[in-house]
Amino acid sequence: MKKIKLIYKFTLFCTITFMTILTTLYIYAYLSPKITLNSANAIYLYDNKDELIFQTSNNNSWVNIKDISQNLINATISTEDKNFYNHQGFDYLRIAKAMYINIKNKTIMQGASTISQQYVKNLYLDFNQTWKRKIEEAFLTLKLEVHYSKDDILEGYLNTINYGQGNYGIENASNFYFNKKASELNLEEAIILAGIPKSPENYNPISNYDNSIKRAKIVAKSMLDNDYITKDEYDLLFKNKIEIYGKRKSNNMQTLMYYHDAVINELNNLNEIPKSLIKSGGLKIYTELDTSVQKSMDESIIKNATDKNVQLSSIVVDPKTGGIMALTGGVDYSKSQYNRAIAAKRQVGSTIKPFLYYAALENNMTEASTFLSEKTSFVFANNQTYSPKNHSNKYGNKEITMAAALAYSDNVYAVKTHLFLGEEQLVNTLKIAGLKANLKPIPSLALGAQEINMLDYAQSYSTLANYGNKTDVHLIKKVEDFNGHTLYKYKEETEQVLNKDSVYIINEMLTNTYNPNFIDYLSPTVLYLNSKISRKYALKSGTTESDYWIVGYNPDILMMVWAGNDMNKNVDSSYSKKIKNIWVDTVETYEKDKPESWYEIPENIVGVPLNAITGNKSSNEKNVIFYFKKGSEPQ
């Protein structure tokens, strides 16, 4: 009996203490300033003309709770928080039940977040599972509950939640998926939308229709169990395929959201902007996006990328500023949200060779320097061998110039140069140009046999395109809060890191990749584009077993395009031409009506007409201009 009394007293004490603390917290929350709802977590993205191109939750798409389908409201409450109208922010019975199930199964099988908790988490908090964040979440939930009615909270939640495919808020989602207002959704449409927020990438009906319907059936069963629909209504659901609209009324490009995601990625890496402010205050982000470039790239991708098993990524940069004018991380954002431009690493093939030959020029070689092009095995310590092969196993079996080797992308010449210089030279050159990747100084690096991220690679190439001047490649120009205060502004800093003379020679050599005078035992690798371009570009292609690359630039624009298979499977050779088509369509559209520009020849450079293949003086039609630093030219 004594033990029972002690337990009773202890339980009573804990209950009174808990109620006192809880009451105190509610009072303190009530006396604290209101938290904002309809501007929190709102993000506006602007292009390089300061025109709005994307927005999350905002006043323009905010709809009153009365203008939202009751089916959607019922479906959301039923599946997310069935006791929403009966608790004060926390469902204590649900918390206890979830704890019991998780402890019993020794793993986290159930959560107990209420709509109010999810709302503050989406608006103000990151997703780190720390005690500090959980305490902050709890206090913000109290503030939300004491300052706003349940309808206000539900209205805010439905207007800010992520419904996938870049759609934040129920009105945007309704328009995008079903071409309807939120008030016009029928039961099946409402159930599908209510199921998306649990995993927006996996449960939206465009990325995965079958998964979205499976999730919708779980939501429907929850509605049945909670008496929101009858058994007859339940039995009639999803008998026929649901028509999905999947379009935006403006900026309806299938690649634009990749640019958006890359911007958010860069935003999260800006030290000048606290992460808490990104989540809480609402931001205006001014970007380098040129919508006309993005659109022409998008249209060409739709026209050329016809194999559903092949993906693409591409970056378009203004070399003078480092501003990224267009970007895509895949063929179609609605089918795959994985952003290959900023996240993937791929072998870059022969596109690495301009940096190798830059290093050669800096070490007293010239573009007329010759090596024997023949099938070669290189023998190293412990009798290890390396036997690079040319495309189609074709070799000149004669001495060829560096200019010809670059035009043909001769692999034997490249490896000979790499080993002659010392393998560290190429690694160091790429680092100086701005590459962050840690590459290994191995023989196959001369053929691009190591993986590099495209965004990182674009930094190095932009240095070549900007005449040896390194400027940080970036997407964001400026970030403001909703009151117009500047939180961040990109500061352009340019540093001459590569020798201008050598860069000029490299850029001129890269025009030989489409020069018919180099047709011999092989044709230049980008000869296909000769008839399609209207002006001078430095161009280089690259190929591995599962990758196709094209990189081209002049002082106005740099564009690189990659095609490949996410599983590293072989890709049809037609993509060698398809990515070139995407490149030329996009770049030539941008350059149309612009004056032609090229790099001004440095005072220390002289041009000499020589035979394209041998580098000897001759009077035949194969002559091209070879460029030399004064004193290194043939006499």
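What you see as residue numbers is a count from 1 along each chain, following the sequence as written. It should be noted that, the model being predicted, local features are given only for residues of pLDDT at least 70 and side-chain atom pairs only at 80 or more, the latter also being counted only at that level, while totals for whole chains, interfaces and linings use all residues. Computation of side-chain values covers all heavy atoms of the structure but excludes hydrogens and water.

Draft legend 1. Here's a closer look at the overall build of the chain. Working definition: helices are DSSP H or I runs of at least four residues, strands are E runs of at least two. Numbering for both runs from the N terminus. Per the secondary structure count, the chain includes 22 helices and 20 strands. Here the analysis covers contacts within the chain between residues at least 6 apart in sequence; of these, 71% occur between residues at least 24 apart. Using the Shrake-Rupley algorithm and a 1.4 Å probe, accessible areas are obtained, with residue cover drawn only from the displayed protein chains. Counting only carbon and sulfur atoms, one obtains 50% of the accessible surface of the chain, whose full area is about 29400 Å². Should any heavy atoms of two residues lie within 4.5 Å, those residues are counted as being in contact.

Draft legend 2. Examining the pattern of salt bridges more closely. Throughout this description, the term salt bridge denotes a Lys or Arg side-chain nitrogen within 4 Å of a carboxyl oxygen of Asp or Glu. One pass over the full model with this rule turns up 13 salt bridges. Linking Lys180 and Glu189 is a salt bridge whose minimum nitrogen-to-oxygen distance equals 2.9 Å. Here Lys180 falls in the partly exposed class, since its relative accessible area comes to 23%. Its salt-bridge partner being Asp566, residue Arg340 comes within 2.7 Å of it at the nearest N-O pair. On the criterion of sequence distance, the pair formed by Arg340 in helix 15 (residues 340-343) and Asp566 in the loop between strand 18 (558-564) and helix 22 (575-591) is long-range, its members being 226 residues apart. Exposure categories follow from relative accessible area, calculated using a 1.4 Å probe and restricted to protein chains: below 20% of the type maximum is buried, above 50% is exposed, and the middle band is partly exposed. Taking relative accessible area as the criterion, Arg340 reaches 3% and is therefore assigned buried. The class of Asp566 is partly exposed, set by a relative accessible area of 39%.

Draft legend 3. Here's a closer look at the packing of aromatic side chains. Paired rings are identified among Phe, Tyr and Trp, the last through its six-membered ring, by centres lying within 6.5 Å, and are further divided according to the angle between planes into stacked (under 30 degrees), edge-to-face (over 60) and tilted (the rest). Going through the model one piece at a time under the given rule, you end up with 20 aromatic pairs. With 4.5 Å between their ring centres and 10 degrees between their planes, Tyr46 and Tyr286 make a pair best called stacked. Separated by 240 residues along the polypeptide, Tyr46 in strand 1 (residues 43-46) and Tyr286 in strand 3 (residues 283-287) bring together distant segments of the chain. The residues Tyr46 and Tyr286 share a single accessibility class, namely buried. Taken together, a centroid distance of 5.8 Å and an interplanar angle of 85 degrees make the contact between Tyr457 and Trp549 edge-to-face.

Draft legend 4. Structural view of the sheet that holds strand 18. Ordered in space as 5-4-18-17-16, the 5 strands form an open sheet in which the pairing is antiparallel. Looking at the sheet topology across the chains shown, the edges are occupied by strand 5 (323-328) and strand 16 (538-543). Each strand axis lies, on average, 10 degrees off the axis of its neighbour in the sheet, ignoring direction. Paired strands are those between which DSSP finds at least two bridges. Where strand 4 (residues 311-318) meets strand 18, 7 bridges bridge the pair, whose relative direction is antiparallel. Across the sheet, the residue bridging to Leu312 is Ala563, located in strand 18. This element, helix 20 (residues 454-465), spans strand 4, strand 5, strand 16, strand 17 (547-553) and strand 18 of the sheet and lies at about 145 degrees to strand 18. Lines fitted to C-alpha atoms define the axes, with helix axes restricted to the stretch in contact, and inter-axis angles between N-to-C directions lie between 0 and 180 degrees.

Draft legend 5. Summary view of the sheet that holds strand 3. If you trace the 5 strands from one edge of the open sheet to the other, you get 2-1-3-13-14, paired in mixed fashion. Strands at the two margins of the open sheet, each flanked by one partner only, are strand 2 (52-55) and strand 14 (486-489). This sheet shows a mean twist of 15 degrees between the axes of neighbouring strands, independent of strand direction. Contacting strand 1, strand 2, strand 3 and strand 13 (476-481), helix 12 (residues 256-268) runs over the sheet at an angle of about 115 degrees to strand 3.

Draft legend 6. View of the packing of helix 2 (residues 70-80) against helix 6 (residues 150-160). Between helix 2 and helix 6, the shortest axis-to-axis distance is 12 Å and the interhelical angle comes to 95 degrees. When the interaxial angle is binned, helix 2 and helix 6 end up roughly perpendicular. Taken together, the residues of helix 6 that come into contact with helix 2 (itself represented by Leu72, Ile73, Thr76, Ile77 and Glu80) are Leu154, Tyr157 and Leu158. Throughout this entry, Asp, Glu, Lys and Arg are counted as charged residues, while Ala, Val, Leu, Ile, Met, Phe, Trp, Tyr, Cys and Pro are counted as nonpolar. The remaining residues, Gly among them, count as polar. Residue composition of the contact of helix 2 with helix 6, grouped by class: 6 nonpolar, 1 polar and 1 charged. Orientation is classified from the angle alone, with under 35 degrees giving roughly parallel, over 145 giving roughly antiparallel, 65 to 115 giving roughly perpendicular, and any other angle giving oblique.

Draft legend 7. Quick peek at the side chain of Thr544. With respect to the helices, strands and loops of the structure, Thr544 is situated in the loop between strand 16 and strand 17. Excluding residues within four positions of it along the chain, Thr544 makes contact with Gln347 and Gly349.

Draft legend 8. Region of interest: helix 21 (residues 500-509). By the criterion of burial, helix 21 is predominantly enclosed, with 9 of the 10 residues buried. Asp501, Ser502, Val503, Tyr504, Ile505, Ile506, Asn507, Glu508 and Met509 are the residues of helix 21 that are buried.

Draft legend 9. Structural context of unusual backbone geometry. With phi around 50 degrees, Asn397 is a residue other than glycine that occupies positive phi space. Secondary-structure assignment places Asn397 in the loop between strand 9 (385-386) and strand 10 (398-401). Given the relative accessible area of 57%, Asn397 is considered exposed. We note that Asp593 has phi near 70 degrees; this positive angle belongs to a residue other than glycine. Considering the arrangement of structural elements, one finds Asp593 in the loop between helix 22 and strand 19 (605-611). When its relative accessible area of 74% is taken as the criterion, Asp593 is described as exposed.

Draft legend 10. Inspection of the nonpolar core at higher detail. Only buried residues count toward a nonpolar core. Its members are Ala, Val, Leu, Ile, Met, Phe, Trp, Tyr and Cys residues joined through side-chain atoms within 4.5 Å. Residues Tyr357 and Tyr457 are the most contacted members of the largest nonpolar core, which totals 100 residues. Those residues in contact with Tyr457 that sit more than four places away from it in its chain are Val348, Thr351, Ile352, Phe355, Leu435, Ile452, Trp549 and Met560.

Draft legend 11. View of the pairing of strand 5. Of all 6 residues that make up strand 5, 6 are buried, and the element is covered over most of its length. In this sheet, strand 5 lies alongside strand 4 in antiparallel orientation, the contact comprising 5 bridges. Its bridge partner being in strand 5, Asp318 is matched across the sheet by Gly323. Taking the residues between adjacent antiparallel strands as the criterion, strand 4 and strand 5 are bridged by 4 residues, where Gly322 takes a positive phi near 80 degrees.

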